Amino acid sequence: MITTYGNRILTLGEVPKEQVYALKLKGISVCFSMLKAALSGSYVNFGVFRLYGDDALDNALQTFIKLLLSIPHSDLLDYPKLSQSYYSLLEVLTQDHMNFIASLEPHVIMYILSSISEGLTALGNSRGSLGVGMGAGRDRSRSLKSRFPRRSLSRGARRDFRGREGEVGAPIPPGIHRAGDLWDGGILEWFG
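Residues numbered from 1 in each chain as written. Predicted model: local features only at pLDDT ≥ 70, side-chain atom pairs only at ≥ 80, totals over all residues. Heavy atoms only, no water.

Asks: Any chance you could explain the overall build of the chain here in plain terms?
Replies: Across its full length, the chain carries 11 helices and 0 strands. Every one of the 192 residues in the chain was classed for burial, and the buried ones make up 32%. As presented, the chain carries roughly 12,300 Å² of accessible surface, and 56% of it is formed by carbon and sulfur atoms. (Helix = DSSP H or I, 4+ residues; strand = E, 2+ residues; numbered from the N terminus. Buried < 20%, exposed > 50% of the residue type's maximum accessible area, 1.4 Å probe, protein only. Areas by Shrake-Rupley, 256 points an atom, 1.4 Å probe, with all protein chains shown as cover.)

Asks: Is there a simple way to think about the packing of helix α1 (residues 2-10) against helix α2 (residues 20-40) in this case?
Replies: A pair of packed helices is captured by two measures, namely the crossing angle of their axes and the spacing between those axes. Here α1 crosses α2 at 160°, and the two axes come no closer than 10 Å. With respect to α2, the element α1 is oriented roughly antiparallel. The way α1 lies across α2 gives a crossing that is left-handed. Every residue of α2 that contacts α1 at Ile2, Tyr5 and Ile9 is listed here: Lys24, Gly27, Ile28, Cys31, Met34 and Leu35. Split into classes, the residues belonging to the contact of α1 with α2 amount to 7 nonpolar, 1 polar and 1 charged. (Axes fitted to C-alpha atoms, helices over the stretch in contact; angles between N-to-C directions. Parallel < 35°, antiparallel > 145°, perpendicular 65-115°, else oblique. Left-handed = near helix turned anticlockwise from the far one by under 90°. Contact = heavy atoms within 4.5 Å. Nonpolar A, V, L, I, M, F, W, Y, C, P; charged D, E, K, R; others polar.)

Asks: Where do I start with the packing of α1 against helix α4 (residues 56-69) in this structure?
Replies: Look at α1 against α4: their axes get within 9 Å of each other, and the N-to-C directions meet at 25°. Comparing the axis directions of α1 and α4 gives the class roughly parallel. In the packing of α1 onto α4, the handedness of the crossing is left-handed. Residues Ile2, Thr3, Gly6, Asn7, Ile9 and Leu10 of α1 form the contact with α4, whose participating residues are Asn59, Ala60, Thr63, Lys66 and Leu67.

Asks: Help me understand unusual backbone geometry in this model?
Replies: Among all residues except glycine, the phi angle is most often negative; among peptide bonds, the trans geometry is most common. Positive phi is not limited to glycine here, since Ser42 has a value of about 55°. If you trace the backbone, Ser42 turns up in the loop between α2 and α3 (47-51). For Ser42, a relative accessible area of 69% corresponds to the exposed category.

Asks: It is not clear to me how the environment of Leu104 should be interpreted in this structure. Could you clarify?
Replies: On the secondary structure map, Leu104 appears in the loop between α7 (98-102) and α8 (106-126). Take Leu104: its relative accessible area is 10%, and that puts it in the buried class. Spatially, the C-alpha atoms of Leu104 and Gln62 are 9.5 Å apart, while their sequence positions differ by 42 residues. Discounting residues that sit within four places of it in the chain, Leu104 has contacts with Ile65, Ile109 and Ile112.

Asks: Explanation requested: α4 in the structure shown.
Replies: Every α-helix carries 3.6 residues per turn, so stepping three or four residues along brings you back to the same face. When the terminal C-alpha atoms of α4 are compared, their 20 Å separation across 14 residues agrees well with the 20 Å that a helix rising 1.5 Å per residue should span. Those residues of α4 lying buried are Leu57, Ala60, Leu61, Thr63, Phe64, Ile65, Leu67 and Leu68. (Expected span 1.5 Å × (residues − 1).)

Asks: I'm lost on the side chain of His73 in this one. Help?
Replies: Mapped onto the elements, His73 comes out in helix α5 (residues 73-78). A residue is classified by how much of its surface remains accessible, and His73, at 18% relative accessible area, is buried. A polar side-chain atom of His73 sits 3.1 Å from a polar atom in the side chain of Ser114. If we skip the residues at most four places from it in the chain, His73 touches Tyr111, Ser114, Ser115 and Glu118. (Polar contact = N/O pair within 3.5 Å; in protein donor to acceptor, adjacent residues only side chain to side chain.)

Asks: Please explain the pattern of salt bridges as it appears in this structure.
Replies: Oppositely charged side chains may form a pair once their charged atoms are brought near each other. Summed over the entire model, instances satisfying the criterion amount to 2 salt bridges. Its salt-bridge partner being Lys17, residue Asp75 comes within 3.1 Å of it at the nearest N-O pair. You can see Asp75 sitting in helix α5 and its partner Lys17 sitting in the loop between α1 and α2, a full 58 residues away along the chain. Note that Arg50 is salt-bridged to Asp58, the shortest N-O span being 3.8 Å. A relative accessible area of 32% places Asp58 in the partly exposed class. (Salt bridge = Lys/Arg side-chain N within 4 Å of Asp/Glu carboxyl O.)

Below, the structure is given as structure tokens:
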């Protein structure tokens, strides 16, 4: 589906600037999100694709590269949903499919690296335009507090998390090695 839709989008001619998001970039963003969900969702063991000669994964990843190269860097930064889906997919690819990234042509790798550089520069200038930055920890703490209000935890759970009632110095949840790990998802995993 990603390959078919992506190839169809690539055949679009010149799109007027005021319609580029609606006609092209929104669909590309959805493709990036779908591919990220498929790759990170543990739905399929992608290792057996090559064993059985199935090229569906390779075709989807090549379509991703073609779609990516059809997007100017400025559009990646100008449209937050597109940038979020792109950087999320890129994170999954660099974690689990590094052999694919390593096999890319040098100009594609340079495009990806420059998009990362420009994204970080834009992030530094705007302090959070991509959803990360100085205020992100506070936003996550608010959502954590709404998900686990103090009164929703039993007295025993509060004691396990804080030590004795009201005392700081609790046992550290497994996988937490530094304070930032609490907000990097560790505390959510600990609470289930």
